[in-house]
Amino acid sequence: MTDIPQVEGLEPLPPDHASLAFEVADAVPGTIYALSVSGGVRFRPKEDRVVLFGRNRPEVHVCVGEDDRRVSRAHGRVARIGGHWWLANTGHLPLQLPGSRTLFPEDEPVPVLTGYTPVFISGTARRRHLVELFVSGDDGRLPPPAPGAATLKDRPWRLAADERMALVCLAQRYLLHEAYPQPVSWKQVAVELNGIGGEEWRPKKVEHLVANVRKRLSGGGVPGLTREEVGEPVGNMLNHNLITELLHTRTLVPPDLRVLGDD
């Protein structure tokens, strides 16, 4: 982090900093955090302050996709204007935002909302580079849970390594914040995990691992994870409900996509 441009009020975050989806420390309202696999920064709110991210480490605050030439040297900027943080695309490739929204270089800057915002850049082959943004609210923490979230757990669920790999692949469309995500098929999960290398994956193995996780969480009080509760036809509902629980408890967060070879 010694190469970042020196700016008053900017504090570096180490590469091993926890995902911003897990909350941030109490901070001044409007403080922005920006983080990639290479590390990141924290910046207090002040008019005209700017956070830059891109491939050229010496000239940006957050380096992303350093070895991927499809990522621009300066791919994006977040600027404090009029009491709000605004995200602009300064690169060649579009930025993928939550809800399948795409920010092109020709587009006007968009406001960065309070709370957590993952920003993806598609690189070479099937690589996806992630820049996490977080803007502190009035109490410097995550926004409160949405109504109806009483069944959510305060702490993430424990997952074995093979369970996490299978579930990240199963939930990848949710972790990419697509507008109307659905779980990936057992066959596709097996194909993608076999492409990573290591142990052999078969559709039945994936199905068995996920079924065990559903059973375990159902026994822990999570509703909507059994056929009896959902009723026929089941379709993808059991896995959808499982993924929703894992996302709401932050058991799975966007940086987990790295287990699939993403950045």
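Since we're looking at a predicted model, the values are computed, not measured.

The space that makes up the second largest pocket amounts to roughly 240 Å³. Trp186, Glu207, Arg214, Gly235 and Asn239 are, among the 14 residues lining the second largest pocket, the residues nearest its centre. For the lining of the second largest pocket, the secondary structure elements donating two or more residues are helix H4 (203–219) and helix H6 (237–248). Ranked by residue count, the leading element in the lining of the second largest pocket is H4, at 3 residues.

Summarising the element assignment, Pro98 is placed in the loop between strand S8 (95–97) and strand S9 (101–103). In this structure Pro98 comes out as partly exposed when scored by relative accessible area, which is 31%. C-alpha of Pro98 to C-alpha of Glu178: the two residues are 80 residues apart in sequence and 6.5 Å apart in space.

Chain-level statistics for the protein give a pLDDT mean of 88 and a share of 89% at 70 or above. Overall, residues 142–153 carries pLDDT values under 50, and its contacts beyond four positions in sequence, including any with other chains, amount to 14 contacts.

Take the nonpolar core next. Judged by nonpolar contacts, the single largest core of 31 residues is most densely connected at Leu167, Leu217, Leu242 and Leu252. Breaking this core down by element, the ones donating at least two residues are helix H1 (161–170), helix H2 (172–175), helix H3 (186–196), H4 and H6. Contacts of Leu252, omitting those with residues within four sequence positions, involve Leu159, Arg164, Leu167, Val168, Ala171, Leu175, Leu246 and Leu247.

What counts, and where the lines are drawn
Residues numbered from 1 in each chain as written. Predicted model: local features only at pLDDT ≥ 70, side-chain atom pairs only at ≥ 80, totals over all residues. Heavy atoms only, no water. 1 Å grid on protein atoms, 1.4 Å probe; cavity = no way out; pocket = protein on both sides within 12 Å on 5 of 7 lines; lining within 4 Å. Points joined across faces, edges and corners; volume = space filled by probe spheres on them. Helix = DSSP H or I, 4+ residues; strand = E, 2+ residues; numbered from the N terminus. Buried < 20%, exposed > 50% of the residue type's maximum accessible area, 1.4 Å probe, protein only. pLDDT = per-residue confidence, 0-100. Contact = heavy atoms within 4.5 Å. Core = buried A, V, L, I, M, F, W, Y, C linked by side-chain atoms within 4.5 Å.

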